[in-house]
Amino acid sequence: MQLENQENDEITPSKEDDSKENAIQDHYIIDPELLKLLQRELDLETVDNESDPQKRMVYEEVYAKSITNRRSSAVTDEIKSLRRELRLNSLITNTESLFTLPRTFTRRSARFELPMSKSSLSELTSLDYLKLHVYITNKSHLIYNEVFKIHIDPELNETRLLPSSKIITALEQVMGRSFTQIEQQEVSELIDLKEKSHVDFRTWCGICAMCERLLAVNFAQKYLSTEEDPCHEVELVDFSLLDKRLKNINVDPRLDKMLRKIRDT
């Protein structure tokens, strides 16, 4: 989903810490001064919003290494650029303002993939799948993050987690209006809202992408056909083999239903 043109007491490290830091430097070839800068400036929001897997892995290790209490809102230049492009600002903190932003929906805002191992499908819940196998564009990351920040559990301090009890309310803000009872039922048939007490940002992004893909027909001013708005080629290839991948394995009923709906939408 995209918006339509609306817009982070140092302590002496131990020898063990030094060895870990050196390992990160050796493995990722990060200049020591750059590493120190990252530790000072990196925050969890920036880590969550990094879509490049290799960069994210580095960010996660650097963030975990740091012991400072980061409370600034440092973001990457790319995210700042997107904020300017979409004219988003920190004042968007309530349901009413989010509902007034016009939405356009496209299948290319997210890419759904199947795991390489057929057997691993039998080990996933629908929430597991949405966390591990859905890839989001940066513009979608931005609006998902704006809504996520509104509903983060304030009692969890530096851990960015969304209470499952707030998922429907937050989804309504992403989609642009309140859900009907039927739409709420559709979501609950695909993901178990009681499976986890909280969801992390990556899972949240997958949930949003799933709702946009499957419910856009109810929300879009103009819903485009698959010919006019095709999904990613990788997704097309993966899901053309869905029946074969699901054959002779036991898959979570919600996940089975969700995957088939994604293929057919």
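Placed above this text is the structure.
Residue positions are given per chain, counting from 1 as you read along its sequence in written order. For this predicted model, a pLDDT threshold of at least 70 governs which residues receive local features, and a threshold of 80 or more governs which side-chain atom pairs are given and counted, while totals over whole chains, interfaces and linings are taken from all residues. To obtain the side-chain values, all non-hydrogen atoms of the structure were used and water was disregarded.

1. Observations concerning helix α9 (residues 167-175)
Right, on to step 1. Burial status follows relative accessibility: with a 1.4 Å probe on protein chains alone, a residue under 20% of its type maximum counts as buried, one over 50% as exposed, and anything between as partly exposed. Going along the chain from the N terminus, every DSSP run of H or I of four or more residues is numbered as a helix, and every run of E of two or more is numbered as a strand. Counted residue by residue, α9 has eight buried out of nine residues, so it is predominantly covered.
Right, on to step 2. Considered for burial, the residues of α9 that qualify are I167, I168, A170, L171, E172, Q173, V174 and M175.

2. Some details on helix α8 (residues 138-151)
Right, on to step 1. Here α8 is 14 residues long and its end C-alpha atoms lie 20 Å apart, about the 20 Å a rise of 1.5 Å per residue gives.
Right, on to step 2. Counting buried positions along α8 yields 11 of 14 residues, so the element is predominantly enclosed.
Right, on to step 3. When α8 is considered as a whole, its buried residues turn out to be N138, S140, H141, L142, I143, Y144, N145, E146, V147, F148 and H151. Expected helix span is given by 1.5 Å per residue-to-residue step, counting one fewer step than there are residues.

3. Examining the pattern of salt bridges
Right, on to step 1. Here, a salt bridge means any Lys or Arg side-chain nitrogen found within 4 Å of an Asp or Glu carboxyl oxygen. This model, assessed by the stated rule, comprises 13 salt bridges.
Right, on to step 2. Between D264 and R263 there is a salt bridge, with the nearest N and O atoms lying 2.9 Å from each other.
Right, on to step 3. Via salt bridges that share partners, D243, D256, R260, R263 and D264 belong to a single interconnected network.

4. Side note on the packing of aromatic side chains
Right, on to step 1. Ring pairs are drawn from Phe, Tyr and Trp, using the six-membered ring of Trp, whenever the two centres fall within 6.5 Å, and their geometry is named by plane angle: stacked under 30 degrees, edge-to-face over 60, tilted for the rest. Under the definition given, this model contains three aromatic pairs.
Right, on to step 2. The structure contains a cluster of three or more aromatic residues connected by ring pairs, namely F148, F201 and W204.
Right, on to step 3. Over the ring of F201 we find R160; its NZ or CZ atom is 5.2 Å from the centre of that ring.
Right, on to step 4. Over a ring means this: the NZ of a Lys or the CZ of an Arg is within 6 Å of the ring centre and within 35 degrees of the ring normal. For R177, the ring lying beneath its charged end belongs to F219, and the centroid distance is 3.8 Å.

Geometric values such as these leave the question of function open.
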